[in-house]
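# Understanding the architecture of this molecule
The residues making up each chain are set out below.
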Amino acid sequence: MTNVDQLPQAMERYAAVLAPDGHGVLEGARAIHRRRRRRASIAATTAVAVLVAGVPVLISRTTGTSHGAPAASKAPTPAYRQPLELTVDLLPGQSAAKMVYGVYGHVQFITARPAGTVTSFGDVLVYDPGTLDTKPFLAGDKVQVRGHVAYHTTTFPVGPPGYGRLPTSPPPTGPVTDEAVGWPDASGAWVVVTGALNLNGLLALAENVRLGVSSRVVAPFHLSYLPPGAQVNSAWIRNGDPTLTESVLAIGGEPPATWMESQTACCRAPLNIRAVNLTDIVESYQKDTPSTLKIAGHDSWWYTDRKPGPLMIRPNGASLFVNAGNCQLQISVGDVRQYTFDELKRIVEGATFKDCTKGSTWVPPLG
Amino acid sequence: MTIEEFVAARLPALLRYAVLLTGDAELARDLVQDVLARAIPRWKRIAALDEPYAYVRAMVTNEYLSLLRRRRLRTVPLTYEALDGPHAPTTSDPADRIERAELWRWLAILPRKQHAVMVLRYYEGLTDNEIADVLGCRASTVRSYAARALATLRVSLAQRATSESGAS
């Protein structure tokens, strides 16, 4: 541009080259709108609750009588999905199969393994609307997934700084990152595929992702009792192979913040409920110590001793093992003062069990 | 007109307008997304207007100005080298890149309202009265903003011409 008259053309060229792609903008706007509406609704509910709670207090103060204030209304749940609801799956009969799946916090996940002759594998993560920092993707390269625009990045954060670092490694300079492909769904949720060997592997797995289905996390047990205030922060289910099934509910505490941390969430949560199918290996833990404890008619073991071995009792922690049918229920706690033996016994007494080797018989573990 | 129809027809234009205001593709995208989020609940009324695009464009302009009021935008004048970075869009013609860098360097130093006036006048092709409606000021104020901005541009162009002739 050499003079002012060329300004319109210069702006035209500048805008045409630098303007971002509009893909996902309306979906993002809808997600923001939903979030704001929800916040407004929560604020209104809270205001009403405060008002409702305040009136009896005022009355009791003025009349000298004592009444319990009514409980505040429960805040509205997010519209996108329920905590143990899944909206993602892999296309049936395709090249990848679910090895492990579950949820943590606002994220659903599937770890896929190769099946058939194609070697697609990796991890599929679906973030609830508005819960993913999309900057690494939007700054990445555009690729195509099933005819839609997706983004390829090599800096998707999968773990906190230094996660999994050897003591001899240099100090971490930032979060652990990995290559990933991500795209927004019309619902505002973001799908992220990571953990494959390379971009071709990511795209092959991405082609198999199906979003919009609705299903529930299932397990070989159903619990009719949980200690008051206990909330599931993550669930981890492996039921593709009948010879090795496992389902874990991590309860209490904060949900894992990153994908890598979610894989060990079971070991850190204050209360973990895990069911595995009884195998020789599993039974060998107890073969030398016959059960002297029966809970709801099931052989049970109560461990509080931190002896070296596979049980990994945490400091102040304990584990209750229960053999029920072809399942072993393993309940472990981080602090036995928070979740006492009597509470854990009550969980088992209220539980029903399915066939641990037949995923088709499994049921939602709660509710 | 539904918001989907509006977005299908007008979103690219809104994004181009926003990138001229912000100089940053991601910020432009965020800005337009935020404006659409606010437009969704009142879309019925916006769609009933004669010019829904003009209304939404005014929302984008105001959002840009209030964004600047809330927090100062980090508008870094881009150099040729910066444009050549790994994430910068590139074209086959380096002259184009130099021109874009210069244009943005000039727009970025303008005060925010002068900047908006320049984009509305020379990119969107609005009259001074229409710009005054968007900015909520008088047409004479718009003319004043435009005159000052153009004076700045002329000085910049003259300085560049002097330095180029000195270099050769």
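Scroll up for the structure.
Quick look at the structure, then. On a predicted model such as this, the values are computed, not experimentally measured, just so you know.

Each helix and strand in chain B was counted, giving nine helices and zero strands. In sequence order, the secondary structure elements of chain B are arranged as α-α-α-α-α-α-α-α-α. At a minimum sequence separation of 6, the contacts of chain B that also span at least 24 residues come to 59%. Counting every atom, chain B has about 8,600 Å² of accessible surface; 51% of that belongs to carbon and sulfur.

One widely used convention gives an interface's size as the accessible area the parts lose upon coming together. Across the contact, 41 residues belong to chain B and 32 residues belong to chain A. Counting each side, the surface lost to burial between chain B and chain A is near 3,400 Å², with a carbon and sulfur contribution of 71%. At the boundary of chain B with chain A, the tally comes to one salt bridge. Two residues, Arg30 of chain A and Glu4 of chain B, come together in a salt bridge whose shortest N-O distance is 2.0 Å. Sorting the residues of the side of chain B that touches chain A by element identifies helix H1 (3-22), helix H2 (25-39), helix H6 (94-109), helix H7 (112-122) and helix H9 (139-167) of chain B as the ones contributing at least two each. For the side of chain B that touches chain A, the element with the highest residue contribution is H2 of chain B, accounting for 10 residues. Taken together, the residues of the side of chain B that touches chain A break down into 25 nonpolar, four polar and 12 charged.

Time to look at the pairing of strand S3 (residues 107-114) of chain A. Residues and elements named next belong to chain A. Of all eight residues making up S3, six are buried, and the element is well covered by its neighbours. Sheet topology note: the strand S2 (residues 96-104)/S3 ladder contains eight bridges and is antiparallel. Its bridge partner being in S3, Val103 is matched across the sheet by Gln108. Linking S2 back to S3 in an antiparallel pair, the connection comprises two residues, with Gly105 at a positive phi of about 55 degrees. Note: S3 against strand S4 (residues 122-127), six bridges, orientation antiparallel. Within S4, the residue paired with Gln108 across the bridge is Val126.

Rules behind the numbers
Residues numbered from 1 in each chain as written. Chains lettered and ligands numbered in written order. Predicted model: local features only at pLDDT ≥ 70, side-chain atom pairs only at ≥ 80, totals over all residues. Heavy atoms only, no water. Helix = DSSP H or I, 4+ residues; strand = E, 2+ residues; numbered from the N terminus. Contact = heavy atoms within 4.5 Å. Areas by Shrake-Rupley, 256 points an atom, 1.4 Å probe, with all protein chains shown as cover. Buried area = accessible area lost by both parts, 1.4 Å probe. Salt bridge = Lys/Arg side-chain N within 4 Å of Asp/Glu carboxyl O. Nonpolar A, V, L, I, M, F, W, Y, C, P; charged D, E, K, R; others polar. Buried < 20%, exposed > 50% of the residue type's maximum accessible area, 1.4 Å probe, protein only. Pairing = 2+ DSSP bridges.

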